[in-house]
Amino acid sequence: GENVEQHPSTLSVQEGDSAVIKCTYSDSASNYFPWYKQELGKGPQLIIDIRSNVGEKKDQRIAVTLNKTAKHFSLHITETQPEDSAVYFCAATGTGFQKLVFGTGTRLLVSP
Amino acid sequence: DSGVTQTPKHLITATGQRVTLRCSPRSGDLSVYWYQQSLDQGLQFLIQYYNGEERAKGNILERFSAQQFPDLHSELNLSSLELGDSALYFCASTVGDPSYNEQFFGPGTRLTVL
């Protein structure tokens, strides 16, 4: 079945720096790749997603890139702020597109 | 607020017991997904229901079962509980069946098995 690997597991940056989180997936048939942000004590919330027919997508300070050939996708956060501190999960559609398979998460800490 | 509600927020019980977790999806959403999040673990997909029917199964133990009712709320039943079942349990909902629609997550139920 689908397997999603996510790196790094923790990431510490200074406010204003950029942060990059990378994921690889195994199922070449996957065609939907969302990113979720989970703040302490809350459920995950979608922050951006990308479909397989697009190579890059931006939304203000957040961008996602997809390399289908290499089967990896990345989240880029520019001009980080303390409120960006959270756990970020990548995901990919599994076999039959009936479920999402999540990475193990990246704990991002943005220091003022 | 995602519009997805889960009850109870916290649940403390003993090994061997049975509990029921409840989820109400967003208004209009037909699909409900259940996930387990253990300490330092990602989100493990358990099961999906669409309009009352089971659509996909993940790594759900035989001791666990779920159903979706005609009013579209869903319940996850966990029986013969073990210490390792302690985790956060999330449900999520989407409008349609395919998983490539945004999933809206509830606040979760924290289960502690003593």
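Structural data are supplied above this passage.
From a predicted model like this one, the values you see are computed outputs, not experimental measurements.

Visitor: How do you make sense of the overall build of chain A when you look at a structure like this?
Guide: For chain A, the helix and strand inventory stands at zero helices and 11 strands. Put simply, chain A runs from its N terminus to its C terminus through helices and strands in the order β-β-β-β-β-β-β-β-β-β-β. In terms of overall size, chain A behaves like a compact globule, its C-alpha atoms giving a radius of gyration of 13 Å where 112 residues would be expected to give roughly 13 Å. Reported as C-alpha extents along the three principal axes, the dimensions of chain A are approximately 45 × 30 × 20 Å. Each of the 112 residues in chain A was classed as buried or not, and the buried ones make up 46%.

Visitor: Any chance you could explain the layout of surface pockets here in plain terms?
Guide: Summary: where empty space remains is shown by rolling a probe the size of a single water molecule over the atoms. In this model, the largest pocket occupies a volume close to 770 Å³. Around the largest pocket, the lining is made up of 34 residues, and of these Gln38, Val87 and Arg107 of chain A together with Gln37 and Leu88 of chain B lie nearest the centre. Where the lining of the largest pocket is concerned, the elements lending two or more residues are strand S9 (86–93) and strand S11 (106–111) of chain A together with strand S9 (87–94) and strand S11 (109–113) of chain B. Ranked by residues supplied to the lining of the largest pocket, first place goes to S11 of chain B with four residues.

Visitor: What exactly am I supposed to notice about the packing of aromatic side chains here?
Guide: Two measures describe an aromatic ring pair: the distance that separates the ring centres and the angle between the ring planes. One pass over the structure, following the stated rule, counts 14 aromatic pairs over all chains. Above the face of the phenylalanine 104 of chain B ring, arginine 26 of chain B is positioned so that its terminal group lies 3.6 Å from the ring centre.

Visitor: Please clarify how the sheet that holds strand S3 (residues 19–24) of chain B should be interpreted in this entry.
Guide: Either a parallel or an antiparallel arrangement is found when strands of a sheet pair, and the pairing is made through backbone hydrogen bonds. All names here are of chain B. Pairing within the open sheet is antiparallel, and its four strands lie in the order S1-S3-S8-S7. With one partner strand each, in any of the chains shown, strand S1 (5–7) and strand S7 (64–68) form the two edges of the open sheet. On average, each strand axis in the sheet is tilted by 15 degrees relative to the strand beside it, whichever way the strands run. Of the strand pairs in this sheet, S1 and S3 are connected by three bridges, and their pairing is antiparallel. From the neighbouring strand, glutamine 6 faces S3, where its bridge partner is cysteine 23.

Rules and cut-offs
- Residues numbered from 1 in each chain as written.
- Chains lettered and ligands numbered in written order.
- Predicted model: local features only at pLDDT ≥ 70, side-chain atom pairs only at ≥ 80, totals over all residues.
- Heavy atoms only, no water.
- Helix = DSSP H or I, 4+ residues; strand = E, 2+ residues; numbered from the N terminus.
- Rg over C-alpha atoms; globule rule 2.2 N^0.38 Å.
- Buried < 20%, exposed > 50% of the residue type's maximum accessible area, 1.4 Å probe, protein only.
- 1 Å grid on protein atoms, 1.4 Å probe; cavity = no way out; pocket = protein on both sides within 12 Å on 5 of 7 lines; lining within 4 Å.
- Points joined across faces, edges and corners; volume = space filled by probe spheres on them.
- Phe/Tyr/Trp six-rings, centres within 6.5 Å; stacked < 30°, edge-to-face > 60°.
- Lys NZ or Arg CZ within 6 Å of the ring centre and 35° of its normal.
- Pairing = 2+ DSSP bridges.
- Axes fitted to C-alpha atoms, helices over the stretch in contact; angles between N-to-C directions.

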